[in-house]
Amino acid sequence: MKVVDLSKAQDVGSSCMLLEIGSFKILVDAGLHPKKVGADAVPNFSLIKPHSLDYIILTHCHLDHLGALPLAFRKQKDAKILTSVPSMTLAPRMLRNSYQVMLRQKKEENIEEYPLYTRMDINDVEKALMSMPYGVTKTFDKFGDKLKITFYSSGHIPGAAGCLIEYKHRKIFITGDVLFEDQLTLPGAQFPEGPFDTIIMETTRGATPRNDEKTRSSEIDRLIKVINHTLERNGSCLIPAFALGRMQEILSVLHAAKAAGKLRSCPIFCSGLGLDLVDYFENIAKKTGLIHFRKRIITQLKVKSLRLDVRPGEDMQEKGIYLLSSGMLIENTPSYLMAAALINHHHNSICFVGYCDPETPGGIIQNAMQEEEFLFKTLDYVSKVRAVVEKFDLTGHAERDELMDFVVKGNPRAVVLTHGDPPAREWFMNSIAQNLPEVKVINPIPELEIFV
Ligand SMILES: [Zn+2]
Ligand SMILES: [Zn+2]
């Protein structure tokens, strides 16, 4: 098998990998880098020969996996895009939102090349989507050469999938973004046991040691406590969260806490896309039974959509919970603007519930000391960090030890590392070398051909 990592750096950036297996050419994901803008955020598609792809596997609909798909597809119109049943409806919705955001960025930030694709491109992608129900194997034939593909639920977010590719005697398993633990809205990953020839594995949490004192439920209790304390001192609580998956999970967490009488009564504000996706989640829940989500929790929690007329340093009049995207406080997103309003006031709090790249505003604020200054670059506003900043271990990514267990059970000949910062990948390299010295570990150098 030939592998080329088309993302431009070894980080949790724009997921995109080209696989050549026998006569088949398969692209796995085509993401946009969340920290970069314009053409820099796009994987190196020039390394794919036009009209050469047979299949594009879309593991899930976060933009670091999906965001550049219309661009990749432009020159690959004959390829089928394989994705899970929930992602069939989520992908076009997320792309249309991304298109709108790029239109806005073009105007506000003068990014010339935005939008990177047109509405027509998105329509073309939508037409090429082919559903892959979890656990159902489909056989593909190319002039007599045969390849089998099976999708498996990977936890993480609704629609997320790991993917088994079988070619002759070889079994290649791609984890995608994976969470083995159950969430309120979604059961944990249900992966096959192997043995595999090759595992292509995400490594997001490779640099995060397991902390046995922190369980998901103890972290939820701690989150509710911090929110209650914030409200008691008449402050507001900002929870930055990805609009797809994390936001609906946190709404379910708040709903359960409220139902159990643990959460103080307060207004809850959500940003637009996260609330819109609630309808999609309800439909997916009703049609597939794959997720646990009912839209009525929104009315029961009295969630309001947020009108964003906030100013840096000016505290919010209406105290409450602000559950806003993006999760990493990326510049000019609702959570970034809200952080600029709240951060200067001791009675407020900012509660991170997911992974933050250390170089994003979210990552920097997480690691800042109280009274340290933070520059909101695009607002030209400097503030001291005075709000309570807390980090909760409620991420949508598997513990590194769980992934190691998966590798041990899968007993592969080779492991290809993806989707992790350099220290995270290094931990897996060392850990596999120590515990499974016979396994070949590959940390692909971007844009280079590797033979596995
Ligand atoms: Zn993801
Ligand atoms: Zn990802």
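Everything numeric in this text was worked out from a predicted model, so none of it was measured.

Calculation notes
Residues numbered from 1 in each chain as written. Chains lettered and ligands numbered in written order. Predicted model: local features only at pLDDT ≥ 70, side-chain atom pairs only at ≥ 80, totals over all residues. Heavy atoms only, no water. Axes fitted to C-alpha atoms, helices over the stretch in contact; angles between N-to-C directions. Helix = DSSP H or I, 4+ residues; strand = E, 2+ residues; numbered from the N terminus. Parallel < 35°, antiparallel > 145°, perpendicular 65-115°, else oblique. Contact = heavy atoms within 4.5 Å. Nonpolar A, V, L, I, M, F, W, Y, C, P; charged D, E, K, R; others polar. Core = buried A, V, L, I, M, F, W, Y, C linked by side-chain atoms within 4.5 Å. Buried < 20%, exposed > 50% of the residue type's maximum accessible area, 1.4 Å probe, protein only. Domains from an automatic or database assignment. Phe/Tyr/Trp six-rings, centres within 6.5 Å; stacked < 30°, edge-to-face > 60°. Pairing = 2+ DSSP bridges.

Visitor: Quick rundown of the packing of helix α6 (residues 246–259) against helix α7 (residues 272–288)? Include the residues and the values.
Guide: The N-to-C vectors of α6 and α7 enclose an angle of 85°; their axes lie 9 Å apart at closest approach. Taken together, the axis directions place α6 and α7 in an arrangement best described as roughly perpendicular. Together, M247, Q248 and L251 of α6 and G274, L277, V278 and F281 of α7 make up the contact between the two elements. Partitioning the contact of α6 with α7 into residue classes produces five nonpolar, two polar and no charged.

Visitor: Before we move on, could you go through the nonpolar core and cite the residues and values that matter?
Guide: By size, the foremost hydrophobic cluster in this structure holds 80 residues, and its most contacted members are L27, F45, I81, I227, I239, L251 and L254. Ranked by residue count, the leading element in this core is α7, at seven residues. Structurally, this core is a two-domain feature, drawing no fewer than three residues from each of domain 1 (2–208 + 396–451) and domain 2 (216–391). In this structure I81 touches I56, L58, L69, F73, V125, A128, L129 and M130, once residues within four positions along its chain are discounted. By size, the runner-up hydrophobic cluster in this structure holds 28 residues, among which are M1, I26, F140 and I450.

Visitor: Go over the packing of aromatic side chains, please, and point to the residues and values.
Guide: For the structure on display, the rule yields 17 aromatic pairs. A centroid spacing of 6.4 Å and a plane angle of 25° characterise the contact between F24 and Y55, whose relative ring orientation is stacked. Of this pair, F24 sits in strand β3 (residues 24–28) while Y55 sits in strand β4 (residues 55–57), and the two are 31 residues apart along the sequence. A centroid spacing of 5.3 Å and a plane angle of 65° characterise the contact between Y336 and F376, whose relative ring orientation is edge-to-face. Within this pair, whereas Y336 is found in helix α9 (residues 334–342), its partner F376 is found in strand β17 (residues 373–376), the two being separated by 40 residues in sequence. Looking at Y336, the relative accessible area reads 1%, which means it is buried. Classification of F376 as buried rests on a relative accessible area of 0%. One aromatic cluster in this structure is built from Y152, F173, F180, F191, F196 and F406.

Visitor: Explain the pairing of strand β2 (residues 17–21) to me, and be specific about the residues and the numbers.
Guide: Of all the five residues making up β2, four are buried; the element is thus mostly covered by neighbouring parts of the structure. Sheet topology places strand β1 (residues 2–5) next to β2; four bridges connect them, and they run antiparallel. Of the residues in β2, the one forming a bridge with V3 is L19. Taken together, the five bridges between β2 and β3 define a ladder with antiparallel strand orientation. Following the sheet pairing, L19 is matched in β3 by I26. If you look at the hairpin formed by β2 and β3, you'll find two residues sitting between the two strands, and G22 has a positive phi there, around 55°.

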